[in-house]
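Residue strings, one per chain:
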Amino acid sequence: MGDMANSSIEFYPKRREAPQAGGFGCTLAELRSLMELRGAEALQRVQEAYGDVGGLCRRLKTSPTEGLADNANDLEKRRQIYGENFIPPKQPKTFLQLVWEALQDVTLIILEVAAIVSLGLSFYAPPGEESEACGNVAAGAEDEGEAEAGWIEGAAILLSVICVVLVTAFNDWSKEKQFRGLQSRIEQEQKFTVIRNGQLLQVPVAALVVGDIAQVKYGDLLPADGVLIQGNDLKIDESSLTGESDHVRKSADKDPMLLSGKQQDGAMESSQTKAKKQDGAAAMEMQPLKSAEGGETEERERKRASVPKKEKSVLQGKLTKLAVQIGKAGLVMSAITVIILVLYFVIETFVVDGRVWQAECTPVYVQYFVKFFIIGVTVLVVAVPEGLPLAVTISLAYSVKKMMKDNNLVRHLDACETMGNATAICSDKTGTLTTNRMTVVQSYLGDTHHKEVPGPSTLVPKVLDLLVHAIAINSAYTTKILPPEKDGALPRQVGNKTECALLGFVLDLRRDCQPVREQIPEDKLYKVYTFNSVRKSMSTVVRLPDGGFRLFSKGASEILLKKCTHILNSSGELRGFRPRDRDEMVKKVIEPMACDGLRTICVAYRDFPAGQEPNWDNEQEVVGELTCIAIVGIEDPVRPEVPEAIRKCQRAGITVRMVTGDNINTARAIAAKCGIIQPGDDFLCLEGKEFNRRIRNEKGEIEQERLDKVWPKLRVLARSSPTDKHTLVKGIIDSTTGEQRQVVAVTGDGTNDGPALKKADVGFAMGIAGTDVAKEASDIILTDDNFTSIVKAVMWGRNVYDSISKFLQFQLTVNVVAVIVAFTGACITQDSPLKAVQMLWVNLIMDTFASLALATEPPTEALLLRKPYGRDKPLISRTMMKNILGHAVYQLTTIFTLLFVGELFFDIDSGRNAPLHAPPSEHYTIIFNTFVMMQLFNEINARKIHGERNVFDGIFGNPIFCTIVLGTFGIQVIATIPTSQLKCLKEAGHGPGKDEVADEELAEGDEEIDHAERELRRGQILWFRGLNRIQTQIRVVKAFRSSLYEGLEKPESKTSIHNFMATPEFLGNDFTHNIPLIDDTDVDENEERPRGPPPPSPNRNNNATGGGVHLSAGARATATAPGPGSPLHSLETSL
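In short, a report on the structure. Given the structure is predicted, the values throughout are model-derived calculations rather than measurements.

Conventions adopted
Residues numbered from 1 in each chain as written. Predicted model: local features only at pLDDT ≥ 70, side-chain atom pairs only at ≥ 80, totals over all residues. Heavy atoms only, no water. Helix = DSSP H or I, 4+ residues; strand = E, 2+ residues; numbered from the N terminus. Buried < 20%, exposed > 50% of the residue type's maximum accessible area, 1.4 Å probe, protein only. Areas by Shrake-Rupley, 256 points an atom, 1.4 Å probe, with all protein chains shown as cover. Axes fitted to C-alpha atoms, helices over the stretch in contact; angles between N-to-C directions. Left-handed = near helix turned anticlockwise from the far one by under 90°. Contact = heavy atoms within 4.5 Å. Nonpolar A, V, L, I, M, F, W, Y, C, P; charged D, E, K, R; others polar. Pairing = 2+ DSSP bridges. Polar contact = N/O pair within 3.5 Å; in protein donor to acceptor, adjacent residues only side chain to side chain. Salt bridge = Lys/Arg side-chain N within 4 Å of Asp/Glu carboxyl O. Expected span 1.5 Å × (residues − 1). Phe/Tyr/Trp six-rings, centres within 6.5 Å; stacked < 30°, edge-to-face > 60°. Lys NZ or Arg CZ within 6 Å of the ring centre and 35° of its normal. Parallel < 35°, antiparallel > 145°, perpendicular 65-115°, else oblique. Patch = residues over 30% accessible without salt bridge, like charges linked within 9 Å, V, L, I, M, F, W, Y side chains within 5 Å. Core = buried A, V, L, I, M, F, W, Y, C linked by side-chain atoms within 4.5 Å.

Here the focus is the overall build of the chain. A count of helical and extended segments in the chain gives 38 helices and 30 strands. Within the chain, buried positions represent 56% of all 1135 residues. Accessible area for the chain stands at about 48,200 Å²; split by element, carbon and sulfur atoms hold 58% of it.

This is the structure in structure tokens:
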């Protein structure tokens, strides 16, 4: 059976070839050209160049039986001469490349263009400014100070675009990094068995060197090229190289060349592996290859090429659709906004006011159009939920990271989310639902049914001896029972678990297999028929000392008993075994064992006399007329945590089905223990044959209608082949009977589970027991082979879906409100109450954080109490729609109230109808702050989307969420409150001092008179800045009124109040110096009034167009000397 084989690996990296081979008898070029040959040619080349494979081993300084010496220097030397068995990974994208990719976003490009145009125009002073002809559009558009504020908007938009791009690029970068970490972890886990110093070692695939002797078993992916030294019944899937799907038979005397399945740059990665082929180590779990023999498949490339790409995950599909719908709506809204603004402006300017377009005015008008365009783009930006892809990415990346801790190694990101929608799980039995630690608990030996392991004294020595030989020889020699690692622990089982159970049985009978194996080493085995799922048995032939042969066989009891014609009785003699004896044994021994959930294995033998050697290729004839030695019942206990996990699945609306190669009675017993089937339920338990009979028509073709009658009730499929598993999975997925398409998850560990794992929506491979092929085909690897980890995956999957829904609810509320506010604001007041920059802050910056906050909510058990969403259910449920609309109505009411009557509430100036580059007004700042605070609290509301009452439930369980909400709040406060004016914010709204009342009334009167001419914009802004600041001063003054006002009479500097306020002295800490100045202002002002009317000032009229240049907000001329008279003068000129 297992066969010593020798394999040396030679990997050729692209490097200059060494002319000689550093003391080895082969150069890289020779090995490379050897590996390009096949079949007879290759054999001939080996014989001509090296004599035989042994000669090649000698040239490479390796031993076919002992392998290489495990000597670090020697291994390193081989690597230097022949290269490493490693394909360097593709270079990751640099951060700058990711930034460049993030910049390709259309919306961002539009914004950048608009911002740059706006920036350029803000620095351009139109020549037509002074001319009245341009009309009042120019009014106040370009005062010195205001012009300086004009660039801020363009710059801020650019800044927010940069922020967004950096955040997106950073997210992509961390995602890429995580994915690489995952890949390298999967690669590190891939190990291969080699012989070094006569010891079997597991080494990482990249550590193989030329000259290594490798041992290959059923289901391995060949990690390097090589030459077969010895093998039994070896077949290889070379479809990735040749395109031929049939398996190729390999043998040392016909075609010894084994090729790894990896291709790179069109060149064959050749590495010469003389493989130790040992096939059949996959003994009793019924996992067939599609061919009749076991073999070793290297499907890596074929997998990639031939399997069609899975359809988009459920969530991706829904999100793409939603994003497109929102995008279209946003585009329409923004277009309408721009059109209305432009029309309004054009009609008002050129029709109502009857002005003519003049060349020198063009830049002024263009600036208006750019402003309108920016408002339009802003509406679009707000409408499109940029945060969505980010939320999905963050949510998936976060979940994948956390799922690692729950023993789920996610290979494909979207599998994580698809799992949340799963409606059916088709699970293996062995190792997934059970512990995969098998022990023999019952046996039938010498006509007696033993309910526990019999004492050796009760058995006839001849029978015992035969049994020990049959088990020791007819098992993979790699299967062993090792002493426990810790005292009191169970012995360690290495290799195939069913064979371990049999070897353990021998130990329980106080005998040892090792001496038998030493007496008949692996290379003395004459012929091996390896286990596979078609045979469901394994047989080994040994030559007897008298020249005859003895065949030992073991396998599924009902199958092997059909081939038995004799049985050993209690005294160890042969007696006839007729079909009716068999039926009786099935009833009295096998079925009771199976009903206890035991797997039954029959052990038998046959002797061939010397001189008449049979035709070993005629397997049917050779494995027949057997003599039964024993039947053993092997227990594989159900994992203690599985019944609870299956109950959770059923409560969550997921149907669990068991697909196994076991006897139907065993399968039914285990299914009942797990809770997959309950007494009194209406369900089906079928065997593979019966299942096929029910679903195929007369021609043997599968019919979907027939399948649809079977699968809804099917709970257990026993004695099934992998093809049956694939048929079942495909049938359930393609079925159209229910309201919605089923989402199916499948577990698999064998090579032949590959197609079913690929076909399923989510394929789970076993990390411990799974073969390389199964892992390659899967989406998620269960690192602990445990069913409960699948339930955790369901929980995480649903959590991802819910996180996205939470974020959507939050984002859409923001979008609906912002779009409506921008749209109506623009149409009614010619300007959006939320400026482009503010919208960007809310939409891009805040939403980025919100997506992080909502996407990192940990999952709760409550997620498993509802049914799966299904593929067709809309992303936005009715509850969410209710929440979105309810909140939007509340927010809109608040914002429009503030917009249209807010100035009355807070007793401040109205910010509506401001001129082109007006600085921000207090009124609009209040609106912006209110808007952001409503979003912040809405973020807490968005934590629950299924109509729960308590939104604070579990909020402290998510530190990221708390940090982000508090952080955003802090940034918002810092961003919108100028620190120098904190005092003034305290005072705002207490009502002005009596001196200003008159002026304020005047201003209001003027506002009404001049409204038709719309010159009011500029005056308002000046008033707003000036009055507010004066107000503050007067408050301070009143405190000091009595004390300090002597000797301040020399008017010197002609600066305005604004400049006085902006002087370093005013902002400094030198209060003794400043306060008298302020104080005096008030005194002098009060003295000034009775003397007569103040000198007429050009700014007397709130809306004067010329003249008041030096009053402009933020003008930078500073009072160089804090002359005591200056404030007095400035007050005189301005009031």
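And the narrative resumes.
For any two helices packed against each other, one specifies the crossing angle of their axes together with the interaxial distance. Their axes nearest at 9 Å, the elements helix α27 (residues 787-829) and helix α29 (residues 878-906) cross at an angle of 35°. Considering only the axes of α27 and α29, their crossing is right-handed. Of the residues in α29, those touching α27 at S805, L808, Q809, L812, T813, V816, V817, I820, V821, T824, I828 and T829 are M880, N883, I884, H887, A888, Q891, L892, I895, F896 and F900. Among the residues making up the contact of α27 with α29, the classes are represented as 14 nonpolar, 8 polar and no charged.

Within strand β23 (residues 598-608), 10 of the 11 residues are buried, leaving the element largely enclosed by the surrounding structure. When strand β20 (residues 549-556) meets β23, the two strands line up antiparallel, connected through 8 bridges. In the strand pairing of β23, A556 is matched with I601. By the bridge criterion, 8 bridges tie β23 to strand β24 (residues 626-635) in an arrangement that is antiparallel.

This paragraph deals with the side chain of R912. Topologically, R912 is positioned in the loop between α29 and α30 (922-941). Given the relative accessible area of 18%, R912 is considered buried. Separated by 2.6 Å, the side chain of R912 and the backbone oxygen of L899 make a polar contact.

When the charged atoms of two side chains with opposite charge come close together, those side chains can pair. Summed over all chains, the structure comprises 30 salt bridges. In this structure, E698 and R706 form a salt bridge, with 3.7 Å as the shortest nitrogen-oxygen distance. Since its relative accessible area comes to 75%, E698 is described here as exposed. A salt bridge links D802 to R866; the shortest N-O distance between them is 3.4 Å. Of this pair, D802 sits in helix α27 while R866 is found in the loop between α28 (836-855) and α29, placing the two residues 64 residues apart along the sequence. Side by side, D802 and R866 carry an identical accessibility label, which is buried. Taken together, the shared-partner salt bridges connect D428, K725 and D753 into one network.

As a further point, take helix α15 (residues 497-508). Taking 1.5 Å of rise per residue, 12 residues should cover 16 Å, and α15 covers 16 Å from first to last C-alpha, within 8% of that figure. Burial runs high along α15: 9 of the 12 residues are buried. All of the buried residues along α15 are T498, E499, C500, A501, L502, L503, G504, F505 and V506. Its side-chain oxygen at 2.9 Å from the backbone nitrogen of T498, N496 defines the N-terminal cap of α15. Following α15 by one or two positions, R510 adopts a phi angle in the positive range, close to 60°.

Turning our eyes to something else, we now look at the packing of aromatic side chains. What characterises a pair of aromatic rings is the spacing of the ring centres plus the angle enclosed by the ring planes. Enumeration over the complete set of coordinates arrives at 18 aromatic pairs. Relative to W357, the ring of F350 lies with its centre 5.7 Å away and its plane at 20°, an arrangement referred to as stacked. Judged by relative accessible area, which is 19%, F350 ranks as buried. Residue classification places W357 among the partly exposed residues on the basis of a relative accessible area of 41%. Ring geometry for Y526 and F549: centres 4.8 Å apart, planes at 50°, overall tilted. Of this pair, Y526 sits in the loop between α16 (514-519) and β18 (527-529) while F549 sits in strand β20, and the two are 23 residues apart along the sequence. In textbook terms, an aromatic cluster arises when at least three aromatic residues are bridged by ring pairs, as seen for F345, F350, W357, Y365, Y368, F369 and F372. Sitting over the face of the ring of Y529, K527 holds its NZ or CZ atom 5.4 Å from the ring centroid.

Another point: the pairing of strand β1 (residues 191-196). Consecutive residues of a regular strand have side chains that alternate between opposite faces of the sheet. Where burial is concerned, most of β1 is hidden: 5 out of the 6 residues are buried. As paired strands, β1 and strand β2 (residues 199-204) are joined by 6 bridges and run antiparallel to one another. Across the sheet, the residue bridging to T193 is Q202, located in β2. In textbook terms, the turn of a hairpin is the stretch between consecutive antiparallel strands, and for β1 and β2 this stretch comprises 2 residues, one of which, N197, has a positive phi near 55°. Examined bridge by bridge, β1 and strand β3 (residues 213-216) share 3 bridges and lie antiparallel to one another. Bridge pairing in β3 places I195 opposite I213.

Moving on to the sheet that holds strand β25 (residues 655-659). The strand order across the open sheet built from 8 strands is β12-β30-β29-β28-β13-β25-β27-β26, with neighbouring strands paired in mixed fashion. Each having just a single partner strand, β12 (408-410) and β26 (684-687) make up the two edges of the open sheet. Each adjacent strand pair in this sheet contributes to an overall mean axis angle of 20°, direction not counted. In the sheet, strand β13 (residues 424-427) pairs with strand β28 (residues 744-748) via 3 bridges, with the strands oriented parallel. Paired with A424 across the bridge in β28 is V744.

With that settled, the discussion passes to the packing of helix α1 (residues 28-35) against helix α2 (residues 39-50). Look at α1 against α2: their axes get within 10 Å of each other, and the N-to-C directions meet at 150°. Taken together, the axes of α1 and α2 lie roughly antiparallel to each other. Mapping the contact onto sequence places E30, S33 and L34 in α1 and A42, R45, V46 and Y50 in α2. Counted by class, the contact of α1 with α2 contains 4 nonpolar, 1 polar and 2 charged residues.

As a further point, take unusual backbone geometry. Peptide bonds are mostly trans, and most non-glycine residues show a negative phi. Backbone geometry at D447 places phi at a positive 65°, although glycine is not the residue there. Structurally, D447 can be placed in the loop between β14 (439-445) and β15 (448-450). Even without being glycine, R719 reaches a positive phi, approximately 45°. Mapping R719 onto the fold places it in the loop between β27 (714-718) and α24 (722-734).

Under the 1.5 Å per step criterion, the end-to-end length of α27 is 63 Å for 43 residues, consistent within 8% with the ideal 63 Å. α27 sits mainly inside the fold: 38 of its 43 residues count as buried. Measuring from the side-chain oxygen of the N-cap residue of α27 to the backbone nitrogen of T788 gives 3.1 Å; that N-cap residue is N786. Immediately downstream of α27, the backbone of Q830 shows phi near 65°, a positive value.

Glancing now at a nonpolar patch on the surface. Taken together, the side chains of F95, L159, I162, L166, F170 and W173 make up a nonpolar region of the molecular surface, amounting to roughly 570 Å² of accessible area. The greatest single-element share of the nonpolar patch, amounting to 5 residues, is contributed by helix α7 (residues 144-189). Mapped onto the elements of the fold, L166 is located in helix α7. Residue L166 is classed as partly exposed on the basis of its relative accessible area, which comes to 41%.

Another point: the nonpolar core. Membership of the largest hydrophobic core comes to 103 residues, with the highest contact counts inside it found for M419, I676, F764, F787 and L808. A per-element tally of this core places α27 first, with 20 residues. Apart from the residues within four sequence positions on either side, I676 is in contact with L433, I646, Q650, V656, M658, A671 and R715. If you look at the next biggest cluster of nonpolar residues, it comprises 35 residues, including L502, V516, F552 and Y605.

A few words on the side chain of H923. The residue H923 is located in helix α30 in this model. Here the side chain of H923 touches L899 through a polar contact of 3.5 Å, landing on its backbone oxygen.

Inspection of the secondary structure assignment puts E558 in helix α17 (residues 557-561). The spacing of E558 and I601 is 43 residues in sequence and 8.6 Å in space, taken between C-alpha atoms. In contact with E558, not counting residues within four places along its chain, are T600, N663 and R719. There is a polar contact of 3.3 Å between the side chain of E558 and the side chain of S557.

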